[in-house]
Amino acid sequence: MQSRTILSIAAAAAMLLSVGVVSIASAQDRDRDQLKTDQQLQDKDKLQTKDQLKEKDQLKEQERTRERTREQTRMERPDRPQHEKAERAERGGAGH
């Protein structure tokens, strides 16, 4: 009778141990999957940040190019002072 009780206890302990091992293993798998997911999200964020920085740099470069073009245009044909523009308009209107 005692041996049967001991066997029953041993069998129950073995079942509980196997359930515990399985739950630990599944918890580890879950943690590992979560870490992979987190890493993928971080990698995606890094890529987005890199893309945003590239885009920002491209916009800055476009603005610099526009500014250089404006400066070159000003150097090729400088703006006339305001009083010259007014005098020419008056002369043009008076001469007709």
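In the block above lies the structure referred to throughout.
Caption draft 1: Summary view of the overall build of the chain. Of the regular secondary structure elements, the chain holds 2 helices and 0 strands. Counting only residues that meet the buried cut, the chain has 0% of its 96 residues in that class. Working note: accessible area of the chain is about 9,300 Å², and carbon and sulfur atoms make up 56% of it.

Caption draft 2: Region of interest: the pattern of salt bridges. Under the criterion given, the structure shown has 6 salt bridges. One salt bridge in this structure joins Glu61 and Arg64, with 2.9 Å as the shortest N-O distance. With Glu61 and Arg64 both in helix α1 (residues 2–76), this residue pair falls 3 residues apart, about one helical turn. Taking the relative accessible area as the measure of exposure, Arg64 reaches 43% and is therefore partly exposed. Across the pair Arg70 and Glu63 runs a salt bridge, and its minimum N-O distance is 3.9 Å. A relative accessible area of 36% places Arg70 in the partly exposed class.

Each value, and the rule that gives it
- Residues numbered from 1 in each chain as written.
- Predicted model: local features only at pLDDT ≥ 70, side-chain atom pairs only at ≥ 80, totals over all residues.
- Heavy atoms only, no water.
- Helix = DSSP H or I, 4+ residues; strand = E, 2+ residues; numbered from the N terminus.
- Buried < 20%, exposed > 50% of the residue type's maximum accessible area, 1.4 Å probe, protein only.
- Areas by Shrake-Rupley, 256 points an atom, 1.4 Å probe, with all protein chains shown as cover.
- Salt bridge = Lys/Arg side-chain N within 4 Å of Asp/Glu carboxyl O.

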